[in-house]
Amino acid sequence: MAGIIDVPKPRINCSMLSQHINRPVCFVGRVEKVHPTGKTFTLLDGEGKVATVELNEPLEEELSGVVEVIGMVSNKGAIMATTYNIMREDKGIPFDLELYNEALKVVHDFPQHYPFEVASSG
């Protein structure tokens, strides 16, 4: 069985979490708050809504800025992270979460043109 990293996963925002329960997803947001234990943090999406991310192990680095999380959406609507990637905002060019959110809407409104969720044949 392929791991979560190897399978196609939709990019989503907070309003799409409930449609992806128990499914792998990719979520991009700006770090709002890190829990003192380092095992959970919250991200703001391009609409300013909050998503909770839960980790198996505490963070070993400072987390700030824009982060891409790959994980499974739990029954509670939290993202159970498998991995995350801090998106460096080099050269003074900030990541535009609002524009990213607009792109997400286009991808989800026109799935026939953006077939990212490919059915696997076995």
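Procedures and definitions
Residues numbered from 1 in each chain as written. Predicted model: local features only at pLDDT ≥ 70, side-chain atom pairs only at ≥ 80, totals over all residues. Heavy atoms only, no water. UniProt positions renumbered as here; feature names shortened; annotations may be inferred. Salt bridge = Lys/Arg side-chain N within 4 Å of Asp/Glu carboxyl O. Helix = DSSP H or I, 4+ residues; strand = E, 2+ residues; numbered from the N terminus. Buried < 20%, exposed > 50% of the residue type's maximum accessible area, 1.4 Å probe, protein only. Phe/Tyr/Trp six-rings, centres within 6.5 Å; stacked < 30°, edge-to-face > 60°.

Looking at an unreviewed UniProt entry, the protein carries the name Replication protein A 14 kDa subunit, with the source organism given as Solea senegalensis. Among the UniProt annotations of the protein, the heading Subcellular location (unreviewed entry) holds the following wording: "Nucleus". Reading the Sequence similarities (unreviewed entry) entry of the UniProt record for the protein gives the comment "Belongs to the replication factor A protein 3 family."

> Help me understand the pattern of salt bridges, please; the structure alone is not making it clear to me.
Oppositely charged side chains are able to pair whenever their charged atoms sit close together. In the structure shown here, the tally under the stated rule is five salt bridges. Put simply, Lys 105 and Glu 47 hold a salt bridge, and the shortest N to O gap is 3.6 Å. Taken together, the residues Lys 105 in helix 1 (residues 97–109) and Glu 47 in the loop between strand 3 (40–44) and strand 4 (50–54) connect sequence positions 58 residues apart. You can call Glu 47 partly exposed: its relative accessible area is 33%. A salt bridge links Lys 105 to Glu 102; its shortest N-O distance comes to 3.5 Å. Of this pair, Lys 105 and Glu 102 both sit in helix 1, three residues apart, which is roughly one turn of that helix. The exposure class of Lys 105 is partly exposed, given its relative accessible area of 31%. Overlapping salt bridges, with partners in common, bring together Glu 47, Lys 49, Glu 102 and Lys 105 in one network.

> Would you mind showing me how to read the packing of aromatic side chains here?
Here the distance between the centres and the angle between the planes together describe a pair of aromatic rings. For the coordinates displayed, the defined rule picks out two aromatic pairs. Ring plane angle 70 degrees and centroid distance 6.4 Å describe the contact between Phe 41 and Tyr 84, whose orientation is recorded as edge-to-face. A residue pair is termed long-range when its members are at least 10 positions apart, and Phe 41 in strand 3 and Tyr 84 in strand 6 (residues 79–87) qualify at 43 residues. On the basis of relative accessible area, Phe 41 is assigned to the buried category, the value being 1%. Judged by centre distance (5.7 Å) and plane angle (50 degrees), the ring pair of Phe 95 and Tyr 100 falls under tilted. Classification of Phe 95 as partly exposed rests on a relative accessible area of 25%.

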